[in-house]
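Spelled out from the first residue to the last, the chains are:
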Amino acid sequence: MAEVFSQASIAFDLDGTLVDTAPDLVRALNAVIAPHGLSPIPVADVRLMVGRGAGALIRRAFERHGHPPLSEAALTEEIARFIEIYNADIAAQSRPFDQVEPTLIALREAGAHLSVCTNKPSLLADSLLKALELDHYFERILGPERTRAKKPAADHVHDALDPSRRFTALIGDSETDTLAAQAAGVPVILMTYGYNEKPASSLGADRLLSRFSEVPLALTQIWAEPDGN
């Protein structure tokens, strides 16, 4: 394992891949929409709405209730409120998915370069990972402000990965992750427990996994294939 991973650079999506953030996201989202007279959105539904950033999450919440589209100025204000509420207690209920930390430890010990490639605002990603004591596993934490274009753009993936490493991959949970990895020309593994509107099996990932602990073996198998990265 060490020989392969010492030449590897692996980027991870954050929400729905590394951390179950939906309970805290729905807390902040419902606080934002409540003053508009909109009823709370269940956590299970928010799991289907995450992945394209705070603005998209808020827009979709208003659309779900049949509310007229927000102006850009109004949306900017709501995003600021959402971020303030969310960041004030960012890890109140959010937790890493099962086996995430032991797997990150094993990958780091084997010499892999690890990064986070997320559409979550960079400062929120920093705060969340620090609160959960996961930040030190990653060489780079790239939200949309730290890259040339956010997922599904290839640039986001390229900026997250170390170009000097021979083997690369993106680990995610959504269509956005799949499209970004495919655009970047790197293998993609999707976690089936994550946040996605479409069945993960329909998205064309190189592998589908239900347990995070299976990531290292799946990567070695992908990289060993003739067309592996």
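Quick caveat: nothing in here was measured; it's all calculated off a predicted structure. (Residues numbered from 1 in each chain as written. Predicted model: local features only at pLDDT ≥ 70, side-chain atom pairs only at ≥ 80, totals over all residues. Heavy atoms only, no water.)

Undergrad: Could you give me a rundown of the overall build of the protein chain, with the residues and numbers involved?
TA: Within the protein chain one finds ten helices and eight strands. Rg of the C-alpha trace for the protein chain: 17 Å, near the compact-globule value of 17 Å for 229 residues, within the 12% margin. Judged by the C-alpha coordinates and their principal axes, the protein chain covers about 55 × 35 × 30 Å. Of all 229 residues assigned to the protein chain, the portion counted as buried reaches 50%. Nonlocal contacts in the protein chain, meaning residues at least 24 apart in sequence, comprise 66% of its contacts between residues at least 6 apart. Summed over its atoms, the accessible surface of the protein chain is roughly 10,000 Å², and 51% of this surface lies on carbon and sulfur atoms. In the protein chain, 21 side chains carry a positive charge and 31 a negative one; their mean positions are 1 Å apart. (Helix = DSSP H or I, 4+ residues; strand = E, 2+ residues; numbered from the N terminus. Rg over C-alpha atoms; globule rule 2.2 N^0.38 Å. Buried < 20%, exposed > 50% of the residue type's maximum accessible area, 1.4 Å probe, protein only. Contact = heavy atoms within 4.5 Å. Areas by Shrake-Rupley, 256 points an atom, 1.4 Å probe, with all protein chains shown as cover. Lys, Arg positive; Asp, Glu negative; His and termini not counted. Charge placed at Lys NZ, Arg CZ, Asp CG, Glu CD.)

Undergrad: How would you explain the packing of aromatic side chains if you had to name every residue and give the values?
TA: For the structure on display, the rule yields six aromatic pairs. A centroid spacing of 6.3 Å and a plane angle of 70° characterise the contact between phenylalanine 12 and phenylalanine 138, whose relative ring orientation is edge-to-face. Of the two residues, phenylalanine 12 is situated in strand β1 (residues 8–12) and phenylalanine 138 in the loop between α7 (122–131) and β5 (140–142); the sequence distance between them amounts to 126 residues. A single burial state applies to phenylalanine 12 and to phenylalanine 138, both of which are buried. Arranged with centres 4.3 Å apart and planes meeting at 35°, the rings of phenylalanine 97 and tyrosine 193 form a pair that is tilted. Linking phenylalanine 97 in the loop between β3 (95–96) and α6 (100–109) with tyrosine 193 in the loop between β7 (188–191) and β8 (207–209), this pair joins segments that are 96 residues apart in sequence. The class of tyrosine 193 is partly exposed, set by a relative accessible area of 24%. Members of the aromatic cluster, each reached through a chain of ring pairs, are Phe5, Phe167 and Trp223. (Phe/Tyr/Trp six-rings, centres within 6.5 Å; stacked < 30°, edge-to-face > 60°.)

Undergrad: Describe the pattern of salt bridges, listing the residues and the values that go with them.
TA: In total, this model carries 13 salt bridges according to the counting rule given. For arginine 165, the salt bridge is made with aspartate 162, and the minimal N-O distance between the two is 3.8 Å. Here glutamate 214 makes a salt bridge to arginine 211, at a shortest N to O gap of 2.7 Å. Since its relative accessible area comes to 23%, glutamate 214 is described here as partly exposed. Taken together, the shared-partner salt bridges in this structure form one network comprising Asp13, Lys151 and Asp177. (Salt bridge = Lys/Arg side-chain N within 4 Å of Asp/Glu carboxyl O.)

Undergrad: Tell me what's going on with the packing of helix α5 (residues 72–88) against α7, and back it up with residues and numbers.
TA: Contact geometry of α5 with α7 gives a least axis separation of 11 Å together with a crossing angle of 10°. It follows that α5 is roughly parallel to α7 by the angle criterion. Counting all contacts with α5, which are made through Ile83, Tyr86 and Asn87, the residues of α7 involved are Leu124, Ser127 and Leu128. Taken together, the residues of the contact of α5 with α7 break down into four nonpolar, two polar and no charged. (Axes fitted to C-alpha atoms, helices over the stretch in contact; angles between N-to-C directions. Parallel < 35°, antiparallel > 145°, perpendicular 65-115°, else oblique. Nonpolar A, V, L, I, M, F, W, Y, C, P; charged D, E, K, R; others polar.)

Undergrad: Any details on unusual backbone geometry? Residues and values, ideally.
TA: The step from lysine 151 to proline 152 runs through a cis peptide bond, and the omega angle for that step is 15°. Positive phi is not limited to glycine here, since glutamine 99 has a value of about 75°. In this fold, glutamine 99 is placed in the loop between β3 and α6. With relative accessibility at 35%, the residue glutamine 99 sits in the partly exposed group. Positive phi outside glycine occurs at glutamate 133, with the angle close to 60°. By the element assignment, glutamate 133 lies in the loop between α7 and β5.

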